[in-house]
Amino acid sequence: MDKSDAVNVQTENVPVIDLNLTINENPVKVQVEPTARLVDILRDELQLTGTKISCGIGRCGACSVMIDGQLVNACLTMAYQADQTSITTIEGVSRDQEMDPIQKAFLEEGGFQCGYCTPGMVMAVKVLLEEVPVPTEEDIKMALSGNLCRCTGYGGIIRAVQRMAAENSEVR
Amino acid sequence: MVNEHEPLMSGKPPTLPVPTKIWRPSDLSEAWELKRRYGSEACYITGGTLIQLQREQGTPLAEHLISLDKINVLEGFDQLEDEGQFKLRIGALTTLSDCHRNVFIEEYWPILAEAIRHVASPAVRNRATIGGNVCYQVGDVIPALMVLEAEAVSFDGTTYLRNDIATYIQSVNGKDHPILTSITLPEPPVSAQVLSFFKKVGRREAFIPSIVTVACYTCINESGEVEYIRLAAGGGTASPKRLYESERFLQKKVLVEEDLGRLYDLVLQEYVPASDPFTTAEYRKTVAANVIVSEFEKLIQ
Ligand SMILES: Cc1cc2nc3c(=O)[nH]c(=O)nc-3n(C[C@H](O)[C@H](O)[C@H](O)COP(=O)(O)OP(=O)(O)OC[C@H]3O[C@@H](n4cnc5c(N)ncnc54)[C@H](O)[C@@H]3O)c2cc1C
Ligand code: FES
Ligand code: FES
């Protein structure tokens, strides 16, 4: 066998790969083109439509998910790059029908209006609070700099994160 | 627009886009061989953030994408000692987020950390690599790497080449450009006073393409004289460049107010940006000159 054939991830005539993922703690296998966008796989193949799509070029953050604990834009991630990874989407954030405290804080502080940016925002906040449980306003602005909201003016969103930060500092 | 009177299909069947093949070689020689085999139909890919952005903007993917992500030697950091000097080697595959978190970069090369902070958003930086930023040729980290005298190490199929960043960036235009393998940062010189800065000016405060980027590393001795200076500017679609004339003018000077006007004129003369539909080259020049002069003014005050 030609040495390089060993590393090609698809066979000559079938431009699809077997993609093995863990999504929200469940093992998932799908056959997709290796350059398919993760956001399309989540929404169209797996019906996980909580992850939104807007700009498609990494500018708005609506498609934010966690891959192996890191925040990424699902619109910028190709299928082959996600193979063998563990992905958390907004559907995996709540447990046993219970909202995540971050979701509650968004609800109670007016952190959304139309709600389109909210799944991405919640994912970004989740990653931030895991890394920095009590973030400063500067930390919050930096962490959310890739997530755009057209409705709220960000006030309610920042309040929601600050509320979480206050709760976290009490726990400490 | 479709003309009603013309048949929609001519005799020739339409050409369908060729599905892209992904290759994931495990060593550099194999990656190089694949690129030689498929030539202009192939393209290297690392984080893929730029390639995916360009794809969405209408540039079709190459027929063969050669992903470098399984080549372990391209990853991570190594601390080196060379003739008593501390150096940091950064593998080309290292993400911008990992560079930003690196304690040595924060301590010894803070303007690189500052430049990285201004690239895209945290989510993009989690995938985008430092190598991809350099190979982009207009990446925001380039001016910072230039003034820090970073060295680009690349592989041309047989040997490892060592070049300054500007020389490597030029080689990226060639047909068979060498694979960038790492960037080496030498410990920057120290003196009585150091003026170093990285500034990115865009149309918004954060997460925006640059109009102008400026980086500088200057050492001033006890007599207030500039004894070492590296200055570079970029922004827009023109590759960043060192501003050698301005550097020569400032070298050995104890700066006084009158020098700032001359410095302003020199920057306008030698910084050659490009115009685009949003920003003229003239405007970029003015911004770069203002940013640089305002930073050097601090030395006088
Ligand atoms: C939303 C968004 C915002 C952005 N904002 C910025 C910004 O503010 N500033 C900025 O500088 N950039 C920005 N970018 C551009 C880009 O994401 C970064 O420059 C990034 O660092 C590119 O790295 P990558 O690993 O994703 O490169 P890729 O997309 O994988 O590759 C980029 C190019 O480099 C080549 N290449 C990559 N690695 C190597 C290597 N080791 N050897 C040889 N060739 C190689 C590829 O063939 C390709 O041509 C932005 C991109 C997006 C999507
Ligand atoms: S849809 Fe992915 S960042 Fe906008
Ligand atoms: S709530 Fe509508 S975009 Fe954010």
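Residues numbered from 1 in each chain as written. Chains lettered and ligands numbered in written order. Predicted model: local features only at pLDDT ≥ 70, side-chain atom pairs only at ≥ 80, totals over all residues. Heavy atoms only, no water.

Undergrad: Describe the overall build of chain B, listing the residues and the values that go with them.
TA: In terms of helices and strands, chain B carries twelve helices and twelve strands. With the principal axes as the frame, chain B shows a C-alpha extent of 80 × 50 × 30 Å. A burial count over chain B gives 51% of its 301 residues as buried. Side chains of chain B carry 30 positive and 40 negative charges; the gap between the two charge centres is 5 Å. (Helix = DSSP H or I, 4+ residues; strand = E, 2+ residues; numbered from the N terminus. Buried < 20%, exposed > 50% of the residue type's maximum accessible area, 1.4 Å probe, protein only. Lys, Arg positive; Asp, Glu negative; His and termini not counted. Charge placed at Lys NZ, Arg CZ, Asp CG, Glu CD.)

Undergrad: Now, about the interface of chain A and chain B: what can you tell me, with residues and values included?
TA: A common measure of how large an interface is: the accessible area buried when the components associate. With 34 residues of chain A in contact, the opposing surface of chain B contributes 37 residues. Our count for the contact surface shared by chain A and chain B stands at one salt bridge. On inspection of chain A and its partner chain B, the count reaches six residue pairs in polar contact (both at pLDDT 80 or more). Of all elements in the fold, only β4 (70–73), α2 (79–82) and α5 (137–143) of chain A reach the threshold of two or more residues within the side of chain A that touches chain B. The element that contributes the greatest number of residues to the side of chain A that touches chain B is β4(A), accounting for four residues. In the side of chain A that touches chain B, the residues fall into 14 nonpolar, twelve polar and eight charged. (Contact = heavy atoms within 4.5 Å. Salt bridge = Lys/Arg side-chain N within 4 Å of Asp/Glu carboxyl O. Polar contact = N/O pair within 3.5 Å; in protein donor to acceptor, adjacent residues only side chain to side chain. Nonpolar A, V, L, I, M, F, W, Y, C, P; charged D, E, K, R; others polar.)

Undergrad: How would you explain the sheet that holds strand β9 (residues 193–202) of chain B if you had to name every residue and give the values?
TA: Strand pairing within a sheet occurs via backbone hydrogen bonds; the two strands may be parallel or antiparallel. Residue and element names in this part refer to chain B. The strand order β9-β10-β11-β12 describes an open sheet built from four strands, whose pairing is antiparallel. Strands at the two margins of the open sheet, each flanked by one partner only, are β9 and β12 (238–242). Averaged over all adjacent pairs, the angle separating strand axes in this sheet is 5°, with direction ignored. Bridge count for β9 against strand β10 (residues 210–220) is ten bridges, and the pairing is antiparallel. In the strand pairing of β10, Val 194 is matched with Cys 219. Here helix α5 (residues 110–117) sits on the sheet in contact with β9 and β10, set at roughly 10° to β9. (Pairing = 2+ DSSP bridges. Axes fitted to C-alpha atoms, helices over the stretch in contact; angles between N-to-C directions.)

Undergrad: How would you sum up the site of ligand 1? Please name residues and give values.
TA: As a matter of local geometry, ligand 1 sits amid 34 residues, with Tyr44(B), Thr46(B), Thr49(B), Thr129(B) and Asp140(B) nearest to it. Of the chains in the model, those with residues near ligand 1 are chains A and B. Contact between ligand 1 and Gly48(B): an oxygen atom at 2.8 Å from a main-chain N or O atom of the residue. The fraction of the free accessible surface of ligand 1 (980 Å²) that becomes covered by protein chains is 94%. Looking at the shell around ligand 1, the elements that each hand over two or more residues are β2 (42–45), α2 (49–56), α7 (130–135) and β8 (179–186) of chain B. (Near = heavy atom within 4 Å. Areas by Shrake-Rupley, 256 points an atom, 1.4 Å probe, with all protein chains shown as cover.)

Undergrad: I'd like a rundown of the side chain of Glu247(B), residues and numbers included.
TA: Structurally, the position occupied by Glu247(B) is in helix α10 (residues 244–250). Not counting residues within four places of it along the chain, the set of residues in contact with Glu247(B) comprises Ile229(B), Arg230(B), Leu231(B) and Arg242(B).

Undergrad: Lay out the pattern of salt bridges in plain terms, naming residues and giving numbers.
TA: Enumeration according to the criterion identifies 25 salt bridges over all chains in this entry. Arg95(A) serves as the salt-bridge partner of Glu25(A), at 3.6 Å between the closest nitrogen and oxygen. In this pair, Glu25(A) sits in the loop between β1 (17–23) and β2 (26–32) while Arg95(A) sits in the loop between β5 (86–88) and α3 (101–108), placing the two residues 70 residues apart along the sequence. A salt bridge links Arg37(A) to Glu56(B); its shortest N-O distance comes to 3.3 Å.

Undergrad: Tell me what's going on with the packing of aromatic side chains, and back it up with residues and numbers.
TA: What characterises a pair of aromatic rings is the spacing of the ring centres plus the angle enclosed by the ring planes. Residues and elements named next belong to chain B. Following the criterion strictly, the structure yields eight aromatic pairs over all chains and no others. Here the aromatic cluster, defined as three or more aromatic residues joined through ring pairs, consists of Phe 86, Phe 104, Tyr 108 and Trp 109. Directly above the ring of Tyr 228 sits Arg 230, whose terminal nitrogen or CZ lies 4.2 Å from the centroid. (Phe/Tyr/Trp six-rings, centres within 6.5 Å; stacked < 30°, edge-to-face > 60°. Lys NZ or Arg CZ within 6 Å of the ring centre and 35° of its normal.)

Undergrad: Talk me through unusual backbone geometry; I want residue IDs and the actual numbers.
TA: Residue and element names in this part refer to chain A. The backbone phi angle of Gln 47 is positive, close to 55°, even though this residue is not glycine. Structurally, the position occupied by Gln 47 is in the loop between α1 (38–45) and β3 (64–67). Here Gln 47 falls in the exposed class, since its relative accessible area comes to 54%.

Undergrad: Can you lay out helix α12 (residues 281–300) of chain B for me, pointing to particular residues and giving the numbers?
TA: Between its first and last C-alpha atoms α12(B) spans 29 Å; for 20 residues at 1.5 Å apiece the expected length is 28 Å, and the two agree. Along α12(B), the residues classified as buried are Ala281(B), Arg284(B), Lys285(B), Val287(B), Ala288(B), Ala289(B), Val291(B), Ile292(B), Val293(B), Glu295(B) and Phe296(B). (Expected span 1.5 Å × (residues − 1).)

Undergrad: Just give me the short version of the environment of Leu80(B), but keep the residues and values in it.
TA: Residue and element names in this part refer to chain B. For Leu 80, the position within the fold is in strand β4 (residues 77–82). Leu 80 sits in the partly exposed class, given a relative accessible area of 34%. Each C-alpha atom of the pair Leu 80 and Thr 167 lies 23 Å from the other, and the pair is 87 residues apart in sequence. Contact partners of Leu 80, with chain neighbours within four places excluded, come to Gln 85, Phe 86, Lys 87, Arg 89 and Thr 184.

Keep in mind these values describe shape, not function.
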